[in-house]
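# Coordinate analysis (summary)
Spelled out from the first residue to the last, the chains are:
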Amino acid sequence: MHDPFSIPPQALLSQLLIGLINGSFYALLSLGLSVIFGLLNVVNFAHGAFYTAGAFVAYLLLEHTGIGYWPALVMAPLVVGALGVLIERTMLRRLQGLDPLYGLLFTFGLALVIQGLLRIEYGSSGLPYQIPEALEGGRDLHFMFLPNYRAWVILFSVSICLGTWYVIERTKLGSYLRAGAENPALVQAFGVNVPLMTTLTYGFGVGLAAIAGVLAAPIYRVSPMMGADQLIVVFAVVVIGGMGSIMGSIVSGFALGVIEAITKVIYPNASDTVVFVLMAIILLVKPAGLFGKVQ
Amino acid sequence: MAIVSARADSAAKQTYFTFGVMVVALAIAPFVVYPVFLMKALCLALFACAFNLLIGYVGLLSFGHAMFFGTSAYGAAYAAKEWGASPGLAILFGTLIAAVLGAATGALAIRRQGIYFAMITLGFAQMIYFICVQVPWTGGENGLQGVPRGKLLWVFDLQSTTTLYFVVVAIFLFGFLTIYRTIHSPFGEVLRAIREHEPRMISLGYNVDRYKWLAFVLSAALAGLAGSTKAIVFQLASLTDVHWTTSGEVVLMTLLGGLGRVWGPVVGAVILITLENYLGPLGGWYTVIQGVIFIVCVLLFRQGIVGEIERLTKRRTAAPVA
């Protein structure tokens, strides 16, 4: 273990940057999970697979049609979101009203199918994806070097997160969503098409995962399993933050990314496990999660 | 009352009959089927039965049971290989490790319910996985290989496949009967009542958390018994045993066979191990098929194979009365 005060500030800052990047992905993924859970009462175990799918759509667009990063950032979530809509309409819908555990088992199976198919087609070694030209290089901030692409990832995901928060908490559409999560039958009686809203919510949630996937493609290699391990950490983030609040999942996503990074500097061996240890501590101290409500 | 007890009687009779058939089948099987394959199926069937105790009778879906299976495999393998423990002691040691781990993680995990419970157990299992990757005594990527089988109770030489097979059968039957007795005891009745209506059990004065915790520890210990036996049989403990894919597989076995049915996990394990035997080398396709089985089970037959068979036979016997 290092003495925290003897660490060069540069190393700490560059780790913090990595922490914020990971935190962006955690926040985007746990945000999508919360939105889906709110309306569908399903824990989307396929969320990691949709994230992977987003990265693959971007990769395939570039390989086969030459469509680059910027259009992919819009097209990948649309394609993956459409896939989500299709799955919700044809299959996931039938599980409504059953024990939520069935939704979990269903989406786990879905994740296995998506990951397996990608592995058959593209192997498990991982494929490279170029950083878009406009964001190559970086700038020297005197105290540290900031790669442009990483700065972009953080800025973009913060704005997506805040945008989603604004829509859900401050607009009319958001009030329908929140009411639908609270009491779908009543909202339906007021003339809101709740089933349609549910379908679109699922599409939107997995679309968010796909955006995270496209953002991640140039940083990590594009590989079939890139989402699976990520998702388990995100589940721990969700347990810590509680799924009740949108802002809660955003804040805990970024915070845990940073905590993970700081742990990497102080005691590297624990960096993989620190989120789970925190989860255990939260369960001891505040079982409902930091921002959660007791059911 | 008389009708109820008569029905319960016939159900018990049916169970004893099925149990007898299973014992006879297990006695004949090694002369027909490759015994190593059978032993793998038995270990995983016991693992799935232990898992089923939680999901089927307490309603708790653990998505992290690989942590008990895996750590006990490491424990037994380490004891046998590094300390030269006899296989019996090694298996006991592995089981003990799983029970202790179950006591610790269970106490935390039961503080949340439903889907949160699944996510929490998955999280703990991932933590254990990372710990197994890092600590020196698990042998990292290679795992612990060449675990000696040795002699059980100084008499039974486990080098002989036939002897080993019957020891594994004995261990499986022990675990199976333990679970059967637990389910059909007053303790099991309380567990089922908690699954059905937890607030009522709390208001009746039952210490619900204590019951859940005990069931969790028992399930962990039996999963550990399966894991340590597996380590001795295959002379190997590896990272696959602790990985979340193993947790997923045990969920699938139980779901396919039938959640909350005594025979469900056994049937599910045998089918899945057979599938793996033929399709395992296909890699990705095996994963896809597993996923498809999950989806089909959840959408079309949530009672599992055993549940469907029960429904069909019940309809046949019920038809004349109606």
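Residues numbered from 1 in each chain as written. Chains lettered and ligands numbered in written order. Predicted model: local features only at pLDDT ≥ 70, side-chain atom pairs only at ≥ 80, totals over all residues.

### A short note on the overall build of chain A
Helix and strand counts for chain A stand at 11 helices and 2 strands. For chain A, the succession of helices and strands along the chain, N to C, is α-α-α-α-β-β-α-α-α-α-α-α-α. For a compact globule of 295 residues, the expected C-alpha radius of gyration is about 19 Å, and chain A comes in at 19 Å, within 12% of that figure. Sequence-distant contacts, at least 24 apart, represent 77% of the contacts inside chain A between residues at least 6 apart. (Helix = DSSP H or I, 4+ residues; strand = E, 2+ residues; numbered from the N terminus. Rg over C-alpha atoms; globule rule 2.2 N^0.38 Å. Contact = placed C-beta atoms within 7 Å.)

### Re the overall build of chain B
Along its length, chain B carries 13 helices and 4 strands. Taken over C-alpha atoms, the radius of gyration comes to 20 Å for chain B, in line with the 20 Å a tight globule of 322 residues would show. Among the 322 residues that make up chain B, the fraction classed as buried is 47%. Taking the intrachain contacts of chain B between residues at least 6 apart in sequence as the baseline, contacts between residues at least 24 apart amount to 76%. (Buried ≥ 20, exposed ≤ 12 C-beta atoms within 10 Å, placed from the backbone.)

### A closer look at the interface of chain B and chain A
Taken residue by residue, the interface counts 34 residues in chain B and 34 residues in chain A. The element best represented in the side of chain B that touches chain A is helix H5 (residues 114-134) of chain B, accounting for 14 residues. Tallied by class, the residues present in the side of chain B that touches chain A amount to 22 nonpolar, 9 polar and 3 charged. (Nonpolar A, V, L, I, M, F, W, Y, C, P; charged D, E, K, R; others polar.)

### Here's the deal with the packing of helix H5 (residues 148-170) of chain A against helix H10 (residues 246-266) of chain A
Residues and elements named next belong to chain A. In contact at an axis separation of 10 Å, H5 and H10 are set at 165 degrees when each is read in the N-to-C sense. Our classification of the angle between H5 and H10 gives roughly antiparallel. Crossing hand, H5 versus H10: left-handed. Counting all contacts with H5, which are made through Cys161, Thr164, Trp165, Ile168 and Glu169, the residues of H10 involved are Ile246, Met247 and Ile250. Grouping the amino acids of the contact of H5 with H10 by side-chain chemistry returns 6 nonpolar, 1 polar and 1 charged. (Axes fitted to C-alpha atoms, helices over the stretch in contact; angles between N-to-C directions. Parallel < 35°, antiparallel > 145°, perpendicular 65-115°, else oblique. Left-handed = near helix turned anticlockwise from the far one by under 90°.)

### Some thoughts on unusual backbone geometry
Notably, A:Asn41 is not glycine yet its phi reads approximately 60 degrees, a positive angle. The topology assignment puts A:Asn41 in the loop between helix H1 (9-40) and helix H2 (47-65).

### Some remarks on the nonpolar core
Residues A:Ala210, A:Met279, B:Leu46, B:Phe47 and B:Phe294 are the most contacted members of the largest nonpolar core, which totals 190 residues. Not counting residues within four places of it along the chain, the set of residues in contact with B:Phe47 comprises B:Phe69, B:Ala223, B:Ala226 and B:Val250. (Core = buried A, V, L, I, M, F, W, Y, C linked by C-beta atoms within 7 Å.)

### Brief notes about the confidence of the model for chain A
Of the residues in chain A, 96% reach a pLDDT of 70 or more, and the chain-wide mean stands at 88. Helix H3 (residues 69-90) of chain A holds the highest mean pLDDT among the elements of chain A, 94, whereas strand S1 (residues 138-140) of chain A holds the lowest, 79. (pLDDT = per-residue confidence, 0-100.)

### Re the packing of helix H4 (residues 100-122) of chain A against helix H12 (residues 284-299) of chain B
When two helices pack together, their arrangement is given by the angle between their axes and by how far apart the axes lie. Their axes nearest at 7 Å, the elements H4(A) and H12(B) cross at an angle of 155 degrees. Comparing their axes, H12(B) and H4(A) come out roughly antiparallel. Here H4(A) and H12(B) pass one another in a crossing that is left-handed. For the contact of H4(A) with H12(B), the residue count by class is 15 nonpolar, 7 polar and 1 charged.

### Some details on the environment of A:Val80
All names here are of chain A. Inspection of the secondary structure puts Val80 in helix H3. On a C-alpha basis, the gap between Val80 and Ala53 in space is 7.0 Å, while along the polypeptide they are 27 residues apart. Once you skip the residues sitting within four places of it in the chain, Val80 turns out to touch Phe50, Ala53, Gly54, Val57, Val206, Gly207 and Ala210.

### Quick word on the environment of B:Leu144
Residues and elements named next belong to chain B. Note on placement: Leu144 falls in strand S1 (residues 144-145). The class for Leu144 is buried, based on 21 C-beta atoms found within 10 Å. Separated by 92 residues in sequence, Leu144 and Leu236 have C-alpha atoms that sit 5.6 Å apart. Aside from chain neighbours lying at most four places away, what touches Leu144 is Tyr74, Ala77, Tyr78, Lys81, Thr138, Gly139, Leu236 and Ala237.

### Concerning H3(A)
All names here are of chain A. Given a rise of 1.5 Å per residue, 22 residues ought to cover 32 Å, and the 31 Å separating the end C-alpha atoms of H3 matches this to within 8%. Most pronounced at Met75, the bend in H3 amounts to some 25 degrees, and the proline Pro77 follows within four residues. Along H3, the positions that sit buried rather than exposed are Tyr69, Ala72, Ala76, Pro77, Val79, Val80, Gly81, Gly84, Ile87 and Glu88. Its buried side turned inward, H3 meets H2, H4 and helix H8 (194-216). (Expected span 1.5 Å × (residues − 1). Bend = angle between axes of the 7 residues up to and from the residue.)

### Observations concerning helix H11 (residues 264-279) of chain B
In a regular helix each residue adds 1.5 Å, so 16 residues correspond to 22 Å; H11(B) covers 22 Å between its end C-alpha atoms and thus fits that length. Residues B:Gly264, B:Pro265, B:Val266, B:Val267, B:Gly268, B:Ala269, B:Leu272 and B:Ile273 constitute the buried set of H11(B).

### Some remarks on the confidence of the model for chain B
In the predicted model, chain B carries a mean pLDDT of 87, and the fraction of residues at 70 or more is 94%. Predicted complex metrics record ipTM = 0.87 and pTM = 0.89.

### Observations regarding the environment of A:Phe106
By the secondary structure assignment, A:Phe106 is in helix H4. Looking at A:Phe106, the number of C-beta atoms within 10 Å reads 26, which means it is buried. Sequence-wise, A:Phe106 and A:Ala46 are 60 residues apart; in three dimensions their C-alpha atoms are separated by 8.7 Å. Those residues in contact with A:Phe106, other than ones at most four positions away along the chain, are A:Leu92, A:Leu95, B:Phe294, B:Ile295 and B:Val298.

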